[in-house]
Amino acid sequence: VNENPDGHLSEMQLSNVYPNPSSGSVRIDYFLPPSEKTGDIIITDMHGKEMKRYMVDRSFNYLEISPTELPAGVYFYSLMTPQGNMLSKKMIRVR
């Protein structure tokens, strides 16, 4: 984790989804640095097909979602900014 001289985080971060695997609601913790005011959390399937997109900003540090419409399987969730920065992690959905 990189910090600026004033002690603030300088890089965006994406935490592991909790709980994982999940059959219900999940929480995704993230951090957008001051240089990135907004972003999207994108859920994709194993083939890269976008399944869901959530707009996020710096006013919150987490997103709670209930992806009940997603069938059981392995998905990726990504934090992407308008400047093209992206972090991705894996999420497992069970029934």
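This text gives an overview of the structure that appears in the document.

What counts, and at which threshold
Residues numbered from 1 in each chain as written. Predicted model: local features only at pLDDT ≥ 70, side-chain atom pairs only at ≥ 80, totals over all residues. Heavy atoms only, no water. Helix = DSSP H or I, 4+ residues; strand = E, 2+ residues; numbered from the N terminus. Buried < 20%, exposed > 50% of the residue type's maximum accessible area, 1.4 Å probe, protein only. Lys, Arg positive; Asp, Glu negative; His and termini not counted. Salt bridge = Lys/Arg side-chain N within 4 Å of Asp/Glu carboxyl O. Polar contact = N/O pair within 3.5 Å; in protein donor to acceptor, adjacent residues only side chain to side chain. Contact = heavy atoms within 4.5 Å. Core = buried A, V, L, I, M, F, W, Y, C linked by side-chain atoms within 4.5 Å.

**Regarding unusual backbone geometry**
Working note: non-glycine residues mostly have negative phi, and peptide bonds are mostly trans. In this chain, Tyr-18 is followed by Pro-19 through a cis amide linkage whose omega measures -10°. Inspection of the secondary structure puts Pro-19 in the loop between strand E1 (13-14) and strand E2 (26-31). The omega torsion of the bond from Asn-20 to Pro-21 falls at 10°, within 30 degrees of zero and hence cis. Secondary-structure assignment places Pro-21 in the loop between E1 and E2.

**Side note on the side chain of Glu-36**
Tracing the sequence through the fold places Glu-36 in the loop between E2 and strand E3 (38-45). One buried charge, Glu-36, has no salt-bridge partner; the nearest side chain with opposite charge is Arg-58, at 9.1 Å. Within the structure, Glu-36 has its side chain in polar contact with the side chain of Thr-81 (distance 3.1 Å). With residues near it in sequence (within four places) discarded, Glu-36 still touches Arg-58, Thr-81, Gln-83 and Asn-85.

**Considering the nonpolar core**
Residues Tyr-30, Ile-43 and Leu-79 are the most contacted members of the largest nonpolar core, which totals 18 residues. Contributing elements (two or more residues each) for this core: E2, E3, strand E4 (50-57), strand E5 (62-65) and strand E6 (73-80). Look past the residues within four positions of Leu-79 in its chain and what remains in contact with it is Met-12, Gln-13, Leu-14, Tyr-30, Phe-31, Leu-32, Asp-40, Ile-41, Val-56, Asn-85, Met-86 and Leu-87.

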